Structure formats: C-alpha cells, structure tokens
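# Descriptive analysis of the structure
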Amino acid sequence: IVLQKPPMRTPPSYPAQLAEACIERMRTQPHLTTSLVDGDADGSSVRALLFERLTPMLLLRVLCSGCGTVTEPTWVSSELVDLLAQRMGPELEYDEVRRIAAECTAQLFAPETTVPWLCTDFAAVVHSRLLPALHEHMADAAELAACHAKALLYAVCTAVTVHSAAASIAAGSTLVPAALGLVTGEDLPRRQQCFAKLRRGCEDCLALLCMHDAALLERVHGVSSVLAAYARTAPPAALACFADSVVLPLLNHNTEDEAVLLQALLTAAFRTESVPPERVALLVDVGLKHMQSPAAGVRLAAVKLLGVALSKAAGVELGAAAVAEQLVTAQRVLQAMANVEESEEVRAVARQICDSAFGGTT
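To keep things clear, this report deals only with the structure shown in the data block. (Residues numbered from 1 in each chain as written. Predicted model: local features only at pLDDT ≥ 70, side-chain atom pairs only at ≥ 80, totals over all residues. Heavy atoms only, no water.)

## Examining the overall build of the protein chain
Worth spelling out the cut-off: Segments assigned H or I by DSSP are reported as helices when at least four residues long, segments assigned E as strands when at least two residues long, and all are numbered from the N terminus. Under the scheme applied here, a residue whose accessible area is under 20% of the maximum for its type counts as buried, over 50% as exposed, and between as partly exposed, the area being computed with a 1.4 Å probe on protein chains only. Between two residues, a contact is recorded if the distance between any of their heavy atoms is within 4.5 Å. Computed with a 1.4 Å probe, the accessible areas rest on the Shrake-Rupley method; for each residue, only the protein chains presented here act as cover.
Helix and strand counts for the protein chain come out as 18 helices and zero strands. Counting every position in the protein chain, which comprises 362 residues, the buried fraction comes to 48%. Here the analysis covers contacts within the protein chain between residues at least 6 apart in sequence; of these, 68% occur between residues at least 24 apart. As displayed, the protein chain offers around 17,900 Å² of accessible surface, 56% of which is attributable to carbon and sulfur atoms.

What follows is the structure, given as structure tokens:
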C-alpha cells in the first residue's frame, strides 16, 4: 500500500533508491539449480526461495505501474536490462519470475530499445535450441527452451499493448516467420505440453499483431488457427469485415481446416453485438452446408454455428420469407441431428440447442 500510494512529500529520488535496492538484490541472488528446487522434502525452502526471487520483481512491477509510456524512467539502466533478460533466459527459473520479468522489460523500456532484441532472441531460441531439442527428443532441454521463448513472446505482446510503436517493429521482425513456423510445423510434437502452450502463445501473438498491422493479416491468411485467435481477440467492430473478406473465402476453398475456420466464423458472429437479418441467413446457410461433412469435428462446429445464428436471430426483425424459411430448415436439421447423429458429442450439442431454442427435439 505504501509503495502504490506514497506520501505526498516523497522525495523525487525515492523510485531510484528502490530500483537500486531491487537491482542489488537481484545482482546477489544465486542461479537456480535443480538441487535447490528439488532438494526440500516439505517444500518450505522452495517457497522461501521463490519468495526471495519474487520480492524484487514485485517491487519493480509496482514501480512500472507508476511509469509513463512515452519516456523511460531516469533510474533504468543497462544492468537492469541484463538482469531482467537473465530471468527470462535459458536457465532454470520459476514461471512467475519469468512472467514479471517480461512485463517489466516491456513496460520500463522504449520499444525501439527492447522489441528488436526480444524478437531476435525469440527467433534464435526457436531455431538454435527449441527445434533441435524437439527433434532429438531432449525433453528437459526442450522445456527450458520453450519457457524461454514463451517469456520473450509474452514480453513482446505486453510491449504491443503498452506502446503503439511496438506492433510495427515486431510485425517486421524475425519473430513472425519463427512463430508461423511453430504454428504450421507438421512434424512438431503438438501434444507435448511445453510446446503446446508456446504454440498457442504464438497464435495469440500473431493475432495481436494482425490487429495493428493489416499487411500481416494478409501474410497469415491461410493459417486457420491464427485466424481463430484473431476472431477471439480482435475488436468486435472489425469482425464482420474479417469474416467476409478472410474466413468465408477460405471456407469455400479450404477443405482441411473447415472445423477451425467455422469456429473462427462462429466466434466472430458471437462477439458481434448486432447481426442484421441477411447475415443471420448467411450463417445459417454456411452451417447447413457443413452439416453434411463426413468429419464429426466439422459437423460439431456447424451445429454450434447454427446455435449462434439462432441466438442472433432472436434479437432482430426477420421480415424476409427466405430468412424465416431458412430458420425453419435449421430447426428441422438440428432436431434430426439431436436424435440420429452418430457422434455423441454432436448429438448432445444439437440437443442442448434444441432445448434452448425450440423447447425440445420434437
């Protein structure tokens, strides 16, 4: 409380003194080792060690919250950059410490200073450490590399949300092809936990950059998982144009990622507050078309899309006879699928929609 709301007569040197105390504490801390982390049966020493490493980081985060976004505070130093980079870096570290180090790096320093090396380091970690470890099945090395890459990625995303200039720097960097490679790589172990989290982070980071850089959205045009992340995070006002210009054309030509693209379409529709009748009719038409897919995952996404379309139809005036006829057709198809669909999951979702929208399946 004292740090967040200092007395009115706090000397101007107070933040600098506190920052120097944090730097001194970080400077003298020993590097983490597996023996330090795993050598305590009841966990008391581990908790004490975590608290010891978190304390200066939490104080720095409080200082960050009081900093502006235009200029760097006068008390930052190159040594602080190095110490924060170490805590995001390749050695063993607690996830909480990595996360706060990434936040402080993004908030304390000008994007022109930090974003280029963050992006360069991310690409280097991916190509020189992560991918070789994954291909050689070196689980421990792969996990450390993935944690390092996640911290760098998180720092870039935080910088983009804090500094308006950070997005264009990151969008033109080596981070983008490295992240796209992780998202689209077919021979990578997607189910390995450390890599799966990093892959989702890459999708979200690329979607965030697409919001600030229209040219990048063109570059990821065919990466359906990034488009799905964009639908989850983009401003609602941009989603109708996104659905019309990107998702629907891909659905007409892409037969491999139909389920993911349908998920992007229904997410965009769900997050759009006002949907006109003609768009409701379009969503119903797309949903009915993909209900005929032999893939259960595609049928499941199509059923959910129909559910979203029906929920949006409840709030608009549907004067056109063609729209009303489509809704009746959707009702019949959903009721049939709730009773005879071979996939238990699809059948259950169809039944839930029928119960909610029509009061039953008959």
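## So, the side chain of Glu-341
Topologically, Glu-341 is positioned in the loop between helix H17 (321-340) and helix H18 (344-358). Those residues in contact with Glu-341 that sit more than four places away from it in its chain are Arg-299, Ala-336, Val-346 and Arg-347.

## Looking at the packing of aromatic side chains
Quick note on the threshold: Classification of ring pairs uses Phe, Tyr and Trp, with its six-membered ring standing for Trp, and accepts pairs whose centres are within 6.5 Å; under 30 degrees between planes counts as stacked, over 60 as edge-to-face, and the remaining range as tilted. Throughout this description, the term charge over a ring refers to an Arg CZ or Lys NZ atom that lies within 6 Å of the ring centre and within 35 degrees of the ring normal.
Counted according to the given criterion, the structure contains one aromatic pair. Relative to Phe-242, the ring of Tyr-230 lies with its centre 4.6 Å away and its plane at 50 degrees, an arrangement referred to as tilted. Pair noted here: Tyr-230 is in helix H12 (residues 224-233) and Phe-242 is in helix H13 (residues 239-253), with a separation of twelve residues, a long-range link. The aromatic ring of Phe-270 is capped on one face by Lys-312, whose charged end is 5.9 Å from the ring centroid.

## Notes on the pattern of salt bridges
When the charged atoms of two side chains with opposite charge come close together, those side chains can pair. So the rule is basically this: Each salt bridge in this description consists of a side-chain nitrogen of Lys or Arg and a carboxyl oxygen of Asp or Glu lying within 4 Å of one another.
Taken as a whole and assessed by the stated rule, the structure comprises eleven salt bridges. Ionic pairing is found between Arg-53 and Glu-93, a salt bridge with its closest N-O pair at 2.8 Å. With a gap of 40 residues between them, Arg-53 in helix H3 (residues 44-65) and Glu-93 in the loop between helix H4 (78-88) and helix H5 (95-108) connect regions that are remote in the sequence. Each member of the pair Arg-53 and Glu-93 is classed as buried. Between Arg-232 and Asp-204 there is a salt bridge whose closest N-O contact spans 3.0 Å.

## Considerations on helix H9 (residues 175-184)
Counted residue by residue, H9 has seven buried out of ten residues, so it is predominantly covered. All of the buried residues along H9 are Leu-175, Val-176, Ala-178, Ala-179, Leu-180, Leu-182 and Val-183.

## Describing the side chain of Thr-158
Here Thr-158 is to be found in helix H7 (residues 139-162). Leaving out residues up to four positions away in the same chain, Thr-158 has contacts with Glu-103, Ala-106 and Gln-107.

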